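# A structural walkthrough
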Amino acid sequence: MSAVVCPNGHPSESTDYCDVCGEPIGAASTPAASAPSGSTPAPGGASAAPATTQPVQCPNCGSPAPGGALFCENCGYDFTTGSLPDPVEPPSALSLDPPSRPTPPAAPVPGTPSASTPPPLPASAATPASSSTPPPLPASAAPTAPGAGAVGEPAAPGEPATSGTHLPTPPVPGPDQWVVEIWIDPDWYTAQQPEDPMPSAGLPGLVVLRERSVLVGRPSVSRGIHPQVDCGADTGVSRRHCQLSTDGQRWWVEDLQSSNGTYVSPAGEPLPTDPIPAGQRRELSDGDRVYLGAWTRLVVRKALPGEV
């Protein structure tokens with residue numbers, strides 16, 4: 001095949017684009033003239049020689065390059081603009097993103113803590129608590145006054161008991177010890193004619209009077225009523241029926257607006273028929289009997305040796 005010459009003077013075997021510089025070859029290009037055979041000289045007396053292009057040297061790396069080349073095949077130097085290509089950072093073996101230029105680190109802002117600077121401690125943790133200051137006690141662990149137990153719990157022996165949620169009253173003054181007898185009186189039961197059957201009469205119950213003022217009645221857990229003189233078996237007795245009080249030598253009884261009233265009668269006399277006025281104290285003489293409810297009779301007296 002005959003070689004053609006591109007517009008830049010490069011011989012090329014291809015007839016569409018130059019094999020050396022890639023320049024399009026026009027239709028007007030003609031094959032390079034070859035030397036005629038024989039000894040016939042060319043017109044004009046001179047022989048026609050094909051045009052030749054000298055190779056060039058890359059000014060950056062010194063590698064040879066064909067004449068008319070646009071880039072150095074070794075370092076990529078651009079012969080037209082005289083510039084080198086931008087350096088490319090080699091990609092990581094674990095990264096799937098295309099390589100990019102490194103980003104310079106941002107300058108730190110004054111006053112901003114760095115990653116190596118620990119954060120400041122809060123005010124509560126900056127100052128340790130004093131070892132001499134005990135922590136506050138919870139409400140359930142707060143100390144209580146001696147003798148003041150929980151509601152519904154009996155008082156310790158030798159200490160005054162509480163009635164309901166009220167504070168205990170002072171103990172009985174003086175050297176004497178007092179008790180109250182709780183009897184089941186069949187005569188009083190017959191006079192009252194209640195519907196409930198009467199329990200069997202026997203020996204009386206004995207309650208030591210340790211406080212200056214005690215409550216007589218029937219207990220109620222829901223209402224917080226815990227009388228010191230418990231007459232719970234007699235349903236005719238009110239929850240807060242009456243109150244006994246003393247100055248150490250004498251005793252009084254006071255009705256607390258009970259449903260069936262409180263009656264007082266001296267020993268050996270007939271059963272009383274009129275209750276004492278509610279809210280008024282009635283002094284008890286030695287041997288007086290206090291009637292209440294359907295069958296209950298109370299007698300306040302000094303304790304015998306061995307009873308307390």
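Below, the discussion takes up the environment of Leu-209. Looking at where Leu-209 falls in the secondary structure, it is placed in strand β6 (residues 205-209). A relative accessible area of 2% means that Leu-209 is categorised as buried. Note: C-alpha distance between Leu-209 and Val-172 (37 residues apart in sequence) is 7.6 Å. Among all residues touching Leu-209, those that are not within four sequence positions of it are Val-172, Trp-178, Val-179, Val-180, Val-214, Val-229, Trp-251 and Val-300.

A separate point is the pattern of salt bridges. Evaluated as defined, the whole model comprises 5 salt bridges. Of the charged contacts, one joins Lys-302 and Asp-176 as a salt bridge, the two residues approaching to 3.3 Å between their closest N and O atoms. Taken as a pair, Lys-302 in strand β14 (residues 296-302) and Asp-176 in the loop between α1 (123-126) and β5 (178-184) lie far apart in primary sequence, 126 residues in all. A residue is classified by how much of its surface remains accessible, and Asp-176, at 21% relative accessible area, is partly exposed. Residues participating in the shared-partner salt-bridge network are Glu-181, Arg-301 and Glu-307.

Relative to the elements of secondary structure, Arg-218 occurs in the loop between β7 (213-217) and β8 (229-230). Separated by 15 residues in sequence, Arg-218 and Ala-233 place their C-alpha atoms 8.0 Å apart. Apart from the residues within four sequence positions on either side, Arg-218 is in contact with Ile-225, Pro-227, Asp-230, Cys-231, Gly-232, Asp-234, Thr-235, Val-237, Ser-238 and Arg-239. Separated by 2.5 Å, the side chain of Arg-218 and the backbone oxygen of Val-237 make a polar contact.

On to the side chain of Asp-288, then. Its place among the elements puts Asp-288 in the loop between β12 (281-284) and β13 (289-292). Only 2.8 Å separates the side chain of Asp-288 from the backbone nitrogen of Ser-285, close enough to count as a polar contact.

Read from one edge to the other, the open sheet built from 5 strands follows the order β8-β7-β9-β10-β12, with strand pairing classed as mixed. Each having just a single partner strand, β8 and β12 make up the two edges of the open sheet. Of the strand pairs in this sheet, β7 and strand β9 (residues 242-246) are connected by 4 bridges, and their pairing is antiparallel. Bridge pairing in β9 links Leu-215 to Gln-243.

Of all hydrophobic cores here, the largest spans 22 residues; its most connected members are Leu-209, Val-216, Val-229, Leu-244, Val-253, Leu-298 and Val-300. Breaking this core down by element, the ones donating at least two residues are β5, β6, β7, β9, β10 (251-255), β13 and β14. Residue contributions to this core peak at 3 residues, all from β5. If near-sequence neighbours (up to four positions away) are discounted, Val-229 is found in contact with Val-180, Ile-182, Val-207, Leu-209, Val-214, Leu-215, Val-216, Gly-217 and Leu-298. Among the nonpolar cores identified, the runner-up in size contains 5 residues, and Val-4, Cys-6, Cys-18 and Ile-25 belong to it.

Burial analysis of β10 places 5 of its 5 residues in the buried class, the great majority of the element. Pairing of β9 with β10, which is carried by 5 bridges, proceeds in the antiparallel orientation. By the bridge assignment, Cys-242 is partnered in β10 with Asp-255. Between β9 and β10, which follow one another and run antiparallel, lie 4 residues, and Gly-248 among them has a positive phi close to 105°. Pairing between β10 and β12: 4 bridges, direction antiparallel. Paired with Trp-252 across the bridge in β12 is Glu-283.

What follows deals with unusual backbone geometry. Of note, Gln-193 is a non-glycine position whose phi angle comes to about 50°, a positive value. You can see Gln-193 is positioned in the loop between α2 (186-192) and β6. In this structure Gln-193 comes out as exposed when scored by relative accessible area, which is 68%. In this model, Gln-257 sits at a positive phi of 55°, which is unusual for a non-glycine residue. Positionally, Gln-257 belongs in the loop between β10 and β11 (262-265).

In this model, the protein carries an average pLDDT of 75, and 64% of its residues clear a pLDDT of 70 or more. Here residues 28-51 is a poorly scored stretch, pLDDT under 50, and it has 10 contacts once near neighbours within four places are set aside; other chains count. Contacts from residues 124-131, a stretch scored under 50 in pLDDT, to residues over four places away or in other chains number 0 contacts.

We now examine the packing of aromatic side chains. Scanning the model with the defined rule gives 4 aromatic pairs in all. Where Trp-178 meets Trp-251, the ring centres are 6.0 Å apart and the plane angle is 65°; that geometry is what we call edge-to-face. A residue pair is termed long-range when its members are at least 10 positions apart, and Trp-178 in strand β5 and Trp-251 in strand β10 qualify at 73 residues. Just as Trp-178 is buried, Trp-251 falls in that class too. Each member of the aromatic cluster is reached from another via a ring pair, and the members are Trp-188, Tyr-263 and Tyr-291. The positively charged end of Arg-281 is found above the aromatic ring belonging to Trp-252, 4.4 Å away from the centroid.

About the cut-offs
Residues numbered from 1 in each chain as written. Predicted model: local features only at pLDDT ≥ 70, side-chain atom pairs only at ≥ 80, totals over all residues. Heavy atoms only, no water. Helix = DSSP H or I, 4+ residues; strand = E, 2+ residues; numbered from the N terminus. Buried < 20%, exposed > 50% of the residue type's maximum accessible area, 1.4 Å probe, protein only. Contact = heavy atoms within 4.5 Å. Salt bridge = Lys/Arg side-chain N within 4 Å of Asp/Glu carboxyl O. Polar contact = N/O pair within 3.5 Å; in protein donor to acceptor, adjacent residues only side chain to side chain. Pairing = 2+ DSSP bridges. Core = buried A, V, L, I, M, F, W, Y, C linked by side-chain atoms within 4.5 Å. pLDDT = per-residue confidence, 0-100. Phe/Tyr/Trp six-rings, centres within 6.5 Å; stacked < 30°, edge-to-face > 60°. Lys NZ or Arg CZ within 6 Å of the ring centre and 35° of its normal.

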